[in-house]
Amino acid sequence: MSAGEVAPPHLLVADDEQQTLELLELSLQLSGFQVTTVGSGMAALACAQRQRFDLILLGAQMSPWDGLETARQLRTLPAAPPIVLLSAAPLDEAARALVAASLEKPFRPSQLAAVIRDTLAHRPEA
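Residues numbered from 1 in each chain as written. Predicted model: local features only at pLDDT ≥ 70, side-chain atom pairs only at ≥ 80, totals over all residues. Heavy atoms only, no water.

Counting its regular elements, the protein contains five helices and five strands. Rg of the C-alpha trace for the protein: 14 Å, near the compact-globule value of 14 Å for 126 residues, within the 12% margin. Considered along the principal axes of its C-alpha atoms, the protein spans approximately 45 × 30 × 25 Å. Within the protein, buried positions represent 40% of all 126 residues. The long-range fraction of contacts in the protein, counting pairs at least 24 apart against all pairs at least 6 apart in sequence, stands at 59%. Accessible surface, the protein as shown: approximately 7,100 Å² in total, 52% of it carbon and sulfur. Seen as two clouds, the 9 positive and the 14 negative side-chain charges of the protein have centres 4 Å apart. (Helix = DSSP H or I, 4+ residues; strand = E, 2+ residues; numbered from the N terminus. Rg over C-alpha atoms; globule rule 2.2 N^0.38 Å. Buried < 20%, exposed > 50% of the residue type's maximum accessible area, 1.4 Å probe, protein only. Contact = heavy atoms within 4.5 Å. Areas by Shrake-Rupley, 256 points an atom, 1.4 Å probe, with all protein chains shown as cover. Lys, Arg positive; Asp, Glu negative; His and termini not counted. Charge placed at Lys NZ, Arg CZ, Asp CG, Glu CD.)

A few words on the environment of A46. Examined against the element boundaries, A46 turns out to sit in helix α2 (residues 41–50). For the pair formed by A46 and R108, sequence separation is 62 residues and the distance between their alpha carbons is 29 Å.

Generally speaking, soluble globular proteins have nonpolar side chains that are buried together. Formed by 21 residues in total, the largest nonpolar core has its most connected members in L12, I56, L58, L74, I83 and V99. Listed by contribution, the elements that provide at least two residues to this core are β1 (10–14), α2, β3 (55–59), α3 (67–74), β4 (83–87) and α4 (93–98). With four residues, α2 is the single largest residue contributor to this core. Excluding residues that lie within four positions of it along the chain, I56 makes contacts with L12, A48, L74, P81, P82, I83 and V84. (Core = buried A, V, L, I, M, F, W, Y, C linked by side-chain atoms within 4.5 Å.)

Here helix α5 (residues 109–121) is 13 residues long and its end C-alpha atoms lie 18 Å apart, about the 18 Å a rise of 1.5 Å per residue gives. When α5 is considered as a whole, its buried residues turn out to be L112, A113, V115, I116 and T119. The buried residues of α5 occupy one face: seen down the axis, they fall within an arc of 160°. Among the structural elements, β1, α1 (18–30), β3, β4 and β5 (101–104) are those in contact with the buried residues of α5. (Expected span 1.5 Å × (residues − 1). Arc of directions from axis to C-beta.)

Next up on the list: the pattern of salt bridges. What the rule picks out here adds up to two salt bridges. For the salt bridge of D54 with R52, the shortest nitrogen-to-oxygen distance reads 2.9 Å. Given a relative accessible area of 18%, D54 falls into the buried group. Judged by its relative accessible area of 58%, R52 is exposed. Of the charged contacts, one joins E69 and R72 as a salt bridge, the two residues approaching to 3.3 Å between their closest N and O atoms. Of this pair, E69 and R72 both sit in helix α3, three residues apart, roughly one helical turn. (Salt bridge = Lys/Arg side-chain N within 4 Å of Asp/Glu carboxyl O.)

Read these as layout, nothing more, since geometry by itself doesn't imply function.
Below is the structure:
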């Protein structure tokens, strides 16, 4: 990276389906994001404790922690980044309070990139 160049946003992506993780990683990299993937909510929490991310993307139906439990755990971190949840169904009010945004499946890669960019653009400055 040359002087004056801005690093791409660094995303942490957590899902327990390996194929989903690979598709998300490729799609997001093609959209210009730097991506780190993990296979569980617990791994996402551990990774977020060690490293700073601009945004965390969670699958809703992971095991043993689902996306909402993972979001609850991540929100306990100091300066937790915004969280986007990928869900098969609309979120209720309590769930929406835990995440910055959500996207219902199925979605197009361009929709996902737009939700992430919008979330990052509206992130309060730390």
